[in-house]
Amino acid sequence: MASAAAASPSLSLNQTSHFQHQTSLVTWLKPPPSSALFRRKTLPFFERHSLPISASSSSSSTSLSVHEKPISNSVHFHGNLIESFENQDSSYAGTIKGASLIEELENPVERNGLSGRRRLFMQDPPWISALFLKGLSKMVDQTLKIERKDIDKRKFDSLRRRQVKEETEAWERMVDEYRDLEKEMCEKNLAPNLPYVKHMFLGWFQPLKDVIEREQKLQKNKSKKVRAAYAPHIELLPADKMAVIVMHKMMGLVMSGHEDGCIQVVQAAVSIGIAIEQEVRIHNFLKRTRKNNAGDSQEELKEKQLLRKRVNSLIRRKRIIDALKVVKSEGTKPWGRATQAKLGSRLLELLIEAAYVQPPLTQSGDSIPEFRPAFRHKFKTVTKYPGSKMVRRYGVIECDSLLLAGLDKSAKHMLIPYVPMLVPPKRWKGYDKGGYLFLPSYIMRTHGSKKQQDALRDISHKTAHRVFEALDTLGNTKWRVNRNILDVVERLWADGGNIAGLVNREDVPIPEKPSSEDPEEIQSWKWSVRKANKINRERHSLRCDVELKLSVARKMKDEEGFYYPHNLDFRGRAYPMHPHLNHLSSDLCRGTLEFAEGRPLGKSGLHWLKIHLANLFAGGVEKLSHDARLAFVENHLDDIMDSAENPIHGKRWWLKAEDPFQCLAACVILTQALKSPSPYSVISHLPIHQDGSCNGLQHYAALGRDSFEAAAVNLVAGEKPADVYSEISRRVHEIMKKDSSKDPESNPTAALAKILITQVDRKLVKQTVMTSVYGVTYVGAREQIKRRLEEKGVITDERMLFAAACYSAKVTLAALGEIFEAARAIMSWLGDCAKIIASDNHPVRWITPLGLPVVQPYCRSERHLIRTSLQVLALQREGNTVDVRKQRTAFPPNFVHSLDGTHMMMTAVACREAGLNFAGVHDSYWTHACDVDTMNRILREKFVELYNTPILEDLLQSFQESYPNLVFPPVPKRGDFDLKEVLKSQYFFN
């Protein structure tokens, strides 16, 4: 045993275990290098306390050779550490959270010039070990934290670089692309194989560029007296960039909403003018920062160099706001609508001159290729109202049918501005300070209302800081594309759509003209042709919309995550600024998006995931109790798993859901959890929704404190959710049953009641009930119900259908007034106040509970005539006379919208403070499955907090202070409902 020990150059722990127990000594197997970190922190201590010991003897006897001075490069660990370094799976290796330290400690001893001889040291008291380990762990954590921070910063800077390029160089890239394609075409003497829309653009690019260059030179050579009004602005961009903007903007308008292949000249001209102005600002800024003038001082050169680094390199040191200030302060002044319209009209004229399309060649080689204009300018005459003799004449740009033919299949190749951001948006600090880094961003969509803009510019950051905070919270939620769902969408779309809510990719065939000359047949044929054309126009628009959504999803699918900057409508409701692929949009978008951060489901998360799936399946399941919804899911587990594993060729149970793509996403994560040995630890990225129950009426019930109305909309706890739509449909059925028993001769509604009594159900009245609190009129209710009756298909005669819709709308609104009497009283009071204010020629103004000023923008518009080279344009602008009727009818719904927006923003900020990911869709709040319970508690507390303030009393006081000469009616009396009941209502949001 002794010889074995002596022969060995070092003692392993196994060989010396008895030795260690006897002497309380340990060996240092691999002396570490002389790290500066350890020398600074640990060497002085060990130089004072350690004793080198020779381990040359056997385990039975030990001779200690004590040196006067230890080797200064040695770092001495204790018994509890040496074992951890011997075993790679040790617990301490996990404690130090990284391999870099272990690698340092495991370097060969030869590096320090030490012999292979092992040294033994006397163990220090336990308190010294504890202090040392605590200090070491802290040092390592700090080192790794700095390293991680450095890596995160490099990654963030890289993403910020890409974001800046995306916002400032998009049009440049398009220009370069067309130049490269032209070069390739010239070199190969062959047109490249391009998508339809790009093929057209390539054909238009050079001719349009040439005519713009010609116009620029022509205007430049003219004297100031005879130059056109647009001349100073048409020179501000290179012709190639201007050509690309005009082409893309015009085709974007055609895709997003043409009527019979026509776009109004005013709309097209102003849109092009706005796009040119935005690009001029960025172009001028980049041009300034790239160019050094001979007369610049050293300080000016330094400043330009710093700006160049910020914009073109990485916007280093996070000085984006300063760069934006430079863009705004040194850039051109805002052009105004007149300037935008004049420049846009001239560019439209040049596009009409330069853009042509060519029909496919016929089989005969003798045919001459036909070229015809892609766009034509003409005037349309329409009646102001159906049956009215008053007509309105306006200019339009008509698109050639060939241009429209393949457009919906090429929408994905269009340039889309305001795409989701790769880095978190800038924090909001004012009306135009926040959101995108360089693209123009405004906190509110004012639609040109100067009064609203002035109100927002006047507020201080301190006043509206909670609104800014809420928008920042929504904007900082990180999203990613759910690739599994996107793959399913792509496959269904490639197969022709017409499933899972996707529009049919094929048009309805146009009926052939009958050979008969019978006037009735001809009239019927014309009607069917009009109907087929209308359906095809709608399908074309929907196909373009799907392509645009999918193009954004394809672009973002490989990103680790992205963000949606949010802003507000004038009532204070939040919306993502990107218009296509966002969570406020259709089931397709919602199913394709998920949180970038994943969190373990947990027990409560699995519970809420199942309820969420049942809600998405809908069909009445969402109105059952939670237990019944859970039972529904348990009964369909086989269908759920089949949907997740074989969505295309399986039983396709998920297609029966009301929201099929969202349902499929829930099926996938639930299947993963149920098949996992540890379901609660499965990571979920899926947002779980909690929706209000007829949320507008919930707000009215809280304002009026009426106990009956509060119970009807789930402000009070119940065994299952109260369903206000079913309650209204029952009341409507009772009224119609009573009317059907009357004499048809004396009461003409009796016959209608007999026909409709079997048609009344929850679905028939739902939309009208939902929108009644938002100011739906009798005409609006009639149209809503007419569409539902058309879907049922029982009444086919158009006149009978119209009469039935009229009667049903009257009965539904009457039933609403009977059941929600307190809500109706508050609506009337709000309308009366608005009428009093508007009659004095003032717009209705109020401040939301979060400090956001709201001004209703309804004024009589004034026509402003602009003479352009194309035609005289009539621009609408805000007049000085308010529209009393609109001010009165719109105030109740707008006020309630401002309150539901306030509740959502209060909840968003509180969820962020609680560490939750949060997204909001007006009255639908989203978070991770594991956090639903926390969010539910927060949203109820915030609702109670909001309505514990005297909202109506404060509103009346603000009116009285703003208009002291006007007399307002008193606030309607409140009921005795206790708002704290909301805290106990599990179906308030569910």
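Residues numbered from 1 in each chain as written. Predicted model: local features only at pLDDT ≥ 70, side-chain atom pairs only at ≥ 80, totals over all residues. Heavy atoms only, no water.

An unreviewed UniProt entry annotates the protein as DNA-directed RNA polymerase of Arabidopsis arenosa. Under the UniProt heading Catalytic activity (unreviewed entry), the note attached to the protein is "RNA(n) + a ribonucleoside 5'-triphosphate = RNA(n+1) + diphosphate". Among the UniProt annotations of the protein, the heading Sequence similarities (unreviewed entry) holds the following wording: "Belongs to the phage and mitochondrial RNA polymerase family." (UniProt positions renumbered as here; feature names shortened; annotations may be inferred.)

## Quick notes on the pairing of strand 22 (residues 859-867)
Here eight bridges tie strand 22 to strand 23 (residues 872-882), and the two strands are oriented antiparallel to one another. Across the sheet, residue Arg863 finds its bridge partner in strand 23, namely Gln876. Two successive antiparallel strands, strand 22 and strand 23, enclose a turn made up of four residues. (Pairing = 2+ DSSP bridges. Helix = DSSP H or I, 4+ residues; strand = E, 2+ residues; numbered from the N terminus.)

## Considering the packing of aromatic side chains
Going through the model one piece at a time under the given rule, you end up with 21 aromatic pairs. Between Phe632 and Trp653 the ring centres are 6.3 Å apart and the planes differ by 35°, which places this aromatic pair in the tilted class. Of this pair, Phe632 sits in helix 24 (residues 626-635) while Trp653 sits in the loop between helix 25 (637-645) and helix 26 (660-675); the two residues are 21 residues apart in sequence, bridging distant segments of the chain. Take Phe632 and Trp653: they sit in the same class, and that class is buried. Taking 6.1 Å as the distance between ring centres and 55° as the angle between the ring planes, the aromatic pair formed by Phe891 and Phe959 counts as tilted. Taken as a pair, Phe891 in helix 35 (residues 884-913) and Phe959 in helix 37 (residues 951-962) lie far apart in primary sequence, 68 residues in all. Just as Phe891 is buried, Phe959 falls in that class too. Aromatic ring contacts, followed pair by pair, group Phe918, Tyr925, Phe943, Tyr947, Phe988 and Phe989 into a single cluster. Here the guanidinium or amino end of Arg393 rests over the ring plane of Phe379, the centre of that ring lying 4.4 Å away. (Phe/Tyr/Trp six-rings, centres within 6.5 Å; stacked < 30°, edge-to-face > 60°. Buried < 20%, exposed > 50% of the residue type's maximum accessible area, 1.4 Å probe, protein only. Lys NZ or Arg CZ within 6 Å of the ring centre and 35° of its normal.)

## As for the pattern of salt bridges
All chains considered together, the criterion is met by 50 salt bridges. Here Asp900 makes a salt bridge to Arg573, at a shortest N to O gap of 2.9 Å. Highlighted residues: Asp900 in helix 35 and Arg573 in the loop between strand 14 (566-569) and strand 15 (574-576), separated in sequence by 327 residues. Linking Arg762 and Asp723 is a salt bridge whose minimum nitrogen-to-oxygen distance equals 2.6 Å. (Salt bridge = Lys/Arg side-chain N within 4 Å of Asp/Glu carboxyl O.)

## Regarding unusual backbone geometry
Non-glycine residue Ala618 carries a positive phi angle of around 55°. By secondary structure assignment, the location of Ala618 is in the loop between helix 23 (602-617) and helix 24. A positive phi is found at Arg705, a non-glycine position, where the angle reads about 55°. Within the secondary structure layout, Arg705 lies in the loop between helix 27 (695-704) and helix 28 (707-712).

## Regarding the sheet that holds strand 24 (residues 919-921)
One open sheet accounts for three strands, arranged 19-25-24; its pairing is antiparallel. Strands with a single pairing partner mark the edges of an open sheet, and in this sheet they are strand 19 (688-691) and strand 24. On average, each strand axis in the sheet is tilted by 25° relative to the strand beside it, whichever way the strands run. Strand direction decides the pairing type here: strand 19 and strand 25 (residues 924-927), joined by four bridges, are antiparallel. (Axes fitted to C-alpha atoms, helices over the stretch in contact; angles between N-to-C directions.)

## Re the sheet that holds strand 11 (residues 444-445)
Pairing between sheet strands relies on hydrogen bonds along the backbone, with the strands arranged either parallel or antiparallel. Taken in spatial order, the three strands make up an open sheet running 11-14-15, and their pairing is mixed. Pairing within the sheet leaves two strands with one partner each, and these edge strands are strand 11 and strand 15. Both strand 11 and strand 14 contribute to a ladder of two bridges, which runs parallel. Looking at strand 14, one finds that Met444 is bridged to Leu568.

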